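Spelled out, the chains give:
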Amino acid sequence: MGKNSHFQFKQFTIQQDQCAMKVCTDACVLGAWTDVDNADRILDIGTGTGLLSLMIAQRNTYAAIDAVEMEAEAFFQAGENVHESPFQGRIQLYHEAVQDFESEYQYDLIITNPPFFQSDLRSPAEKINQAHHAETLDFADLLDAVRKLLKPEGRFSILLPVEEGIQFKIMANEQGWQLRREMTLFHKPEKKAFRSLMEFQDQALPEQEVTEETLHIYEADGVTYDAKFKELLKDFYLKF
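Now for a description of the structure that goes with this document. None of these values were measured; they are calculated from a predicted model. (Residues numbered from 1 in each chain as written. Predicted model: local features only at pLDDT ≥ 70, side-chain atom pairs only at ≥ 80, totals over all residues. Heavy atoms only, no water.)

Moving on, we come to the pattern of salt bridges. A complete count under the given rule lists 11 salt bridges for this structure. With a closest N to O distance of 3.8 Å, glutamate 102 and lysine 148 form a salt bridge. Here lysine 148 lies in helix α5 (residues 139–149) and glutamate 102 lies in the loop between β5 (91–94) and β6 (107–112), a separation of 46 residues in the sequence. Note on glutamate 102: relative accessible area 61%, which makes it exposed. A salt bridge links aspartate 202 to arginine 147, with the shortest nitrogen-to-oxygen separation between them at 2.4 Å. (Salt bridge = Lys/Arg side-chain N within 4 Å of Asp/Glu carboxyl O. Helix = DSSP H or I, 4+ residues; strand = E, 2+ residues; numbered from the N terminus. Buried < 20%, exposed > 50% of the residue type's maximum accessible area, 1.4 Å probe, protein only.)

Quick look at the packing of helix α1 (residues 25–33) against helix α2 (residues 51–59) now. Running from amino to carboxyl end, α1 crosses α2 at an angle of 30 degrees, the nearest separation of the two axes being 9 Å. On the basis of the axis angle, α1 is roughly parallel to α2. In this structure, α1 meets α2 at a crossing whose hand is right-handed. Together, Ala27, Cys28, Leu30, Gly31, Ala32 and Trp33 of α1 and Leu51, Leu52, Met55 and Arg59 of α2 make up the contact between the two elements. Taken together, the residues that form the contact of α1 with α2 break down as eight nonpolar, one polar and one charged. (Axes fitted to C-alpha atoms, helices over the stretch in contact; angles between N-to-C directions. Parallel < 35°, antiparallel > 145°, perpendicular 65-115°, else oblique. Left-handed = near helix turned anticlockwise from the far one by under 90°. Contact = heavy atoms within 4.5 Å. Nonpolar A, V, L, I, M, F, W, Y, C, P; charged D, E, K, R; others polar.)

All right, on to the side chain of threonine 34 then. Relative to the assigned elements, threonine 34 resides in the loop between α1 and β3 (41–45). Threonine 34 gets classed as buried once you look at its relative accessible area, which sits at 0%. There is a polar contact of 2.8 Å between the side chain of threonine 34 and the backbone oxygen of leucine 30. In contact with threonine 34, other than residues within four places in its own chain, are Arg59, Leu109, Ile111, Ser157 and Arg181. (Polar contact = N/O pair within 3.5 Å; in protein donor to acceptor, adjacent residues only side chain to side chain.)

Counting 44 residues, the largest nonpolar core has Phe9, Phe12, Leu51 and Leu233 as the members making the most contacts within it. Mapped onto this core, the elements with two or more residues apiece are α1, α2, β4 (64–68), α3 (72–83), β5, β6, β8 (177–186) and α7 (227–233). One finds Val68, Tyr107, Ala172 and Trp177 within the second-largest nonpolar core, a separate group that totals 24 residues. (Core = buried A, V, L, I, M, F, W, Y, C linked by side-chain atoms within 4.5 Å.)

Let's shift gears to the packing of aromatic side chains. Counted under the stated rule, the structure contains 17 aromatic pairs. Between phenylalanine 168 and phenylalanine 200, the ring centres sit 5.6 Å apart and the planes meet at 70 degrees, which makes this aromatic pair edge-to-face. In this pair, phenylalanine 168 sits in helix α6 (residues 162–174) while phenylalanine 200 sits in strand β9 (residues 195–202), placing the two residues 32 residues apart along the sequence. Exposure remark for phenylalanine 168: the relative accessible area of 0% places this residue in the buried category. (Phe/Tyr/Trp six-rings, centres within 6.5 Å; stacked < 30°, edge-to-face > 60°.)

The geometry of α5 relative to α6 is characterised by a closest axis approach of 11 Å and an angle of 50 degrees between their N-to-C directions. Judged on the interaxial angle alone, α6 and α5 are oblique. Here the hand of the crossing between α5 and α6 comes out right-handed. Contact with α5, carried on its side by Phe139, Ala140, Leu142 and Leu143, involves Glu164, Gln167, Phe168, Met171 and Ala172 of α6 and no other residues of that element. For the contact of α5 with α6, the per-class residue count stands at seven nonpolar, one polar and one charged.

All quantities given are derived from atomic positions and should not be read as evidence of function.
The structure is reproduced here in structure tokens:
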């Protein structure tokens, strides 16, 4: 999915010919799964094409959304996608690293699909490296930024490969965050899980039972979309 120069959703289009990171199914799941209720101000860290900001703007009809992107081509492409969408009045883009980002506000919700594969082999293409690997934003920097930018009662959601997700949960717990919700994503039954979607809040807030769930993209045949997946993405995918 997402190898073409653009990807058409029901309410907006993602142009992606200038971006190293194309539209991918797991990011779409994050945009549809994240709890966007009661969030007046939302921050999207590493917005790429602008996908998550646009999905959240569609789901939450009143929030002001700030989106940070340091890679120049992605920043300009996100600007193009936001400008051509119905949500341009509520999304503000910033061309900088989140480590340098200063805001007069703190946010009710932070969402991020960050660089990952911290230990994988490097691609020869620098932009692909930046998009896929934690070369410009490691977990410590990310957690520092979230601590600075999130309201004390706020929450943040993140998408990571399973192994990196385990590492991140340990580090987040050590730095005062409690896991609130988690979804484990599979391509299909009997296959190994490939992504973890996690939502955290401050440990100072009342502890609550963690909501854990799983999601398969396809049924066992590898062709038919899973009913739960279709329900989650029905407001976005044209085919649903």
